[in-house]
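The residues making up each chain are set out below.
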Amino acid sequence: MRAFVVNSVATTPYEGQKPGTSGLRKRVKVFQQENYTHNFIQATLDAIPSPGARGATLVVGGDGRFYSLEALRIIICIAAGNGVAKLIIGQNSILSTPAASNLIRKRQATGGILLTASHNPGGPDNDFGIKYNINNGGPAPENVTDHIYKLTKTITQYNIAKLPEIDLAKIGTKTFGDFTVEIVDSVEDYTILMKEIFDFGLIKHFFEDNPDFKILFDGLHGVTGPYAKRIFVEELGLPMSTIQNFIPLPDFGGSHPDPNLTYAHSLVERVDQDNINFGAASDGDGDRNMIYGKNAFVTPSDSVAVIAAHANVIPYFKKTGIKGLARSMPTSTAIDLVAKEKGIEYFEVPTGWKFFGNLMDAGRLSICGEESFGTGSDHIREKDGIWAVLAWLNIIAEANQTNSGIGIKQILLEHYHKYGRNFFSRYDYEEVDSEGANKMIEHLRHLIGVDRESFLGKTYGHFTIKDADDFEYHDPIDGSVSKNQGIRLIFTDGSRIVIRLSGTGSQGATIRLYVEKYSQDPLEYESDTQKALKPLIDVALEISQLIRFTGREAPTVIT
């Protein structure tokens, strides 16, 4: 029974509404154009796999960035206008990407609509994003996002209901005929999940027994602040001084909510100056993380390898075992070494969490990570920032059961002495002119294609080219093939250079340059990463001709 009026409103298509690996991301002003958001939401609902939007239950929420509330009201009315049965919405629109993935799975929802541009800046002059997740809780696969894009190019109308204003701050259920809106506590279900995965008792006792062990979590005014408050302060009993920038703000306090050494500089400075043992940060929507101790930055590549190596101390993996390990192609091979030592299957996939999801759904993957500060496991189908922080705390707490005084640096050095060290760094060149970026990629493809015979075996400095390709992935689960996923240059000593364009920006192009050098020399294990990698970085710039093609003398961010 319908208790509201539905209107079909004529509209015309907008160009460029093509979702990337993380949804549709544009400037706020683009989304604010007449019917722009309406068109994309209608196309998204029409593209939901069978049985479709009618009768569906959808989870909705996001990182609280500017334009979220307006977009959410549009979603509510268009969902009602298209026969969606129920929306489960995070209080005040707040719902981290990991929490949304968990809710979709826990409630057996049809899918979810996430309002986020992840680690991109927010505010009226910055970015907004809309992303659809499917019923496994993970990002929509290409066949769904391609369908959305196809529909945006031919849309002629959208269906929208006239509904009274809904108080998004009030937890509870509102029913309008056969359409229901449930406002839920944004952090409750996620907190329950974390307590099922990790040994909260062990971690809490560790802090009680080691009152001088100080930690600091930086929410960067993104979505994870309320989650950190609930978990670290209320559940683990730590003081409020443990968390900073924990109130979500529409513009993230004017900062860039990206947990790396550049944008989380406040955290880095405090950890170093105040001798804080354990520092951590998460991004705008809560799926990324950075782990940082005094003079001990943990690269994301090392972080996932360490977690995999110590997974046996985490209750969740004690129950499930380790089915497999995986990394994105640009990520260092550190986790591969753990897999080989433990005799576990491992995978190298393109960038994009959906590729991990296929392996997880098939029961072949437990722990995985991306060098872009994303770490996670098969507890959900998204990367998970708070999960990674708790994994490290669980590992540290367990290590101190037998050897007191163990912290981040000691765990890293122990890992290097067992597996060797993969020196790794990423250079990001953001909002580069797209034409120049594409010409650089064409130049590289020419080297590894037409000029391949003369390119292989060529020496640059101390590095000789052994192999080169444009990474292509054959999914072992669904048989799909993903081509042109990034240029790989592999040297005879095992060093690697990877260059790819990223689709996570809202305008221009982002060039990502990755360099990796492996060492089994204990004298090098405490060396500065940038110094160790400089000769290889120089080679990367020489081969790519990046400066000539883009005019950029220096990267925007180095991690």
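Everything that follows concerns the structure shown earlier in this document.
Chemist: Before we move on, could you go through the sheet that holds strand E15 (residues 325-328) and cite the residues and values that matter?
Modeler: Spatially, the four strands line up as an open sheet ordered E16-E15-E17-E18, and their pairing is mixed. Both edges of this open sheet fall to strand E16 (346-349) and strand E18 (374-377), since each of them pairs with a single strand only. The mean inter-strand angle of the sheet, taken between neighbouring strand axes irrespective of direction, is 15°. Sheet analysis places strand E17 (residues 367-370) next to E18, joined by four bridges and oriented antiparallel. Within the sheet, the bridge partner assigned to Ile 367 lies in E18 and is Ser 377.

Chemist: Describe the sheet that holds strand E25 (residues 496-502), and please don't skip the residues or the numbers.
Modeler: Read across the sheet, seven strands follow the order E20-E21-E24-E25-E26-E19-E27 without closing on themselves; strand pairing throughout is antiparallel. Of all strands in the sheet, those with a lone pairing partner are strand E20 (459-460) and strand E27 (557-558), marking the two edges. The pairing of E20 with strand E21 (residues 463-470) spans two bridges and is classified as antiparallel. Its bridge partner lying in E21, Thr 459 is registered against Thr 464. On the sheet, helix H18 (residues 529-544) packs against strand E19 (421-432), E20, E21, strand E24 (487-491), E25, strand E26 (509-519) and E27 and is oriented at approximately 50° with respect to E19.

Chemist: Before we move on, could you go through the environment of Leu 261 and cite the residues and values that matter?
Modeler: Along the chain, the position of Leu 261 falls in the loop between strand E11 (243-244) and helix H9 (265-273). On the accessibility criterion, Leu 261 (31% relative accessible area) is partly exposed. C-alpha of Leu 261 to C-alpha of Thr 559: the two residues are 298 residues apart in sequence and 6.5 Å apart in space. Once residues lying within four places of it in the same chain are set aside, the contact partners of Leu 261 are Val 268, Met 290, Tyr 292 and Phe 297.

Chemist: Now, about the packing of aromatic side chains: what can you tell me, with residues and values included?
Modeler: Summed over all chains, the structure comprises 20 aromatic pairs. Where Phe 206 meets Phe 213, the ring centres are 4.9 Å apart and the plane angle is 70°; that geometry is what we call edge-to-face. The exposure classification of Phe 206 matches that of Phe 213, with both residues buried. A ring pair is formed by Phe 424 and Tyr 514, whose centres lie 6.4 Å apart and whose planes are at 35°; its orientation type is tilted. You can see Phe 424 sitting in strand E19 and its partner Tyr 514 sitting in strand E26, a full 90 residues away along the chain.

Chemist: Run through the packing of helix H10 (residues 300-309) against helix H12 (residues 334-342), naming residues and quoting values.
Modeler: Two quantities define a packed helix pair, namely the angle between the helix axes and the distance between the axes. Two elements in contact, H10 and H12, have axes whose closest approach is 8 Å; the angle formed by their N-to-C orientations is 20°. In terms of orientation, H10 and H12 fall into the roughly parallel class. The hand of the H10/H12 crossing is right-handed. On H12, the residues touching Ser 301, Asp 302, Val 304, Ala 305, Ala 308 and Ala 309 of H10 are Ala 334, Ile 335, Val 338 and Lys 342.

Chemist: Please give an account of the pattern of salt bridges that cites residues and values.
Modeler: One pass over the structure, following the stated rule, counts 39 salt bridges. Salt-bridge contacts for Glu 341 lead to Lys 418; the nearest nitrogen and oxygen are separated by 3.9 Å. In this pair, Glu 341 is assigned in helix H12 and Lys 418 in helix H15 (residues 408-419), connecting sequence segments 77 residues apart. Of the residues examined, Glu 341 reaches a relative accessible area of 43% and is grouped as partly exposed. According to the relative accessible area criterion, Lys 418 is exposed, its value standing at 52%. Here Arg 452 makes a salt bridge to Asp 467, at a shortest N to O gap of 2.9 Å. A residue pair is termed long-range when its members are at least 10 positions apart, and Arg 452 in helix H17 (residues 452-455) and Asp 467 in strand E21 qualify at 15 residues. A single network of salt bridges, built from pairs that share partners, joins Arg 327, Asp 336, Glu 348, Asp 469, Arg 488, Arg 496 and Glu 516.

Chemist: Break down the side chain of Thr 331 for me, with residues and values.
Modeler: Looking at the element boundaries, Thr 331 is found in the loop between E15 and H12. On the basis of relative accessible area, Thr 331 is assigned to the buried category, the value being 0%. If we skip the residues at most four places from it in the chain, Thr 331 touches Ser 301, Gly 369, Glu 370, Glu 371, Phe 424, Arg 496 and Glu 516.

Chemist: Tell me what's going on with the nonpolar core, and back it up with residues and numbers.
Modeler: Most often, soluble globular proteins have nonpolar side chains that are buried together. Within the largest apolar cluster, 76 residues are counted, with the highest numbers of intra-cluster contacts made by Met 194, Phe 232, Phe 278 and Trp 392. Sorting elements by how many residues they give to this core places helix H14 (residues 385-399) first, with eleven residues. Excluding anything up to four places from it in sequence, Phe 278 contacts Phe 213, Lys 214, Ile 215, Leu 216, Ile 291, Tyr 292, Val 389, Trp 392, Leu 393, Ile 396 and Ile 408. Leu 24, Ile 48, Ala 80 and Ile 166 belong to the second-largest nonpolar core, a separate cluster that totals 46 residues.

Chemist: Could you give an account of helix H6 (residues 188-197), naming the residues involved and the relevant values?
Modeler: All buried positions along H6 are accounted for by Asp 189, Tyr 190, Thr 191, Leu 193, Met 194 and Ile 197. Against helix H4 (97-106), helix H7 (200-209), helix H8 (225-235), helix H11 (315-320) and H14 lie the buried residues of H6.

Rules used in this analysis
All residue numbers refer to position in the chain's written sequence, counted from 1. Reporting in this predicted model follows two pLDDT cut-offs: at least 70 for local features of residues, and 80 or more for side-chain atom pairs to be given and counted; totals over whole chains, interfaces and linings ignore these cut-offs and use all residues. Hydrogens and water are ignored here; the side-chain numbers use all heavy atoms of the structure. Between any two strands, at least two bridges found by DSSP are needed for them to pair. Helix and strand assignments follow DSSP, with helices taken as H or I runs no shorter than four residues and strands as E runs no shorter than two, numbered in order from the N terminus. To obtain an axis, a line is fitted to C-alpha atoms, over the contacting stretch when the element is a helix, and the angle between two such axes runs from 0 to 180 degrees between their N-to-C directions. By the convention used here, residues are in contact when the closest approach between their heavy atoms is within 4.5 Å. Only protein chains enter the calculation, and the probe is 1.4 Å; a residue is then buried if its accessible area is under 20% of its type maximum, exposed if over 50%, and partly exposed in between. Centre distance within 6.5 Å is the pairing criterion for rings of Phe, Tyr and Trp, where only the six-membered ring of Trp is used; planes under 30 degrees apart are then read as stacked, over 60 as edge-to-face, and the remainder as tilted. Here is the rule for angles: anything less than 35 degrees is roughly parallel, anything more than 145 is roughly antiparallel, 65 through 115 is roughly perpendicular, and the remaining ranges are oblique. Two helices cross in a left-handed way if the nearer one is turned anticlockwise from the farther one by less than a right angle. They cross in a right-handed way if the turn is clockwise. Only one rule defines a salt bridge in this text: a Lys or Arg side-chain nitrogen within 4 Å of an Asp or Glu carboxyl oxygen. Grouping buried Ala, Val, Leu, Ile, Met, Phe, Trp, Tyr and Cys residues that are joined through side-chain atoms within 4.5 Å yields what is termed a nonpolar core.

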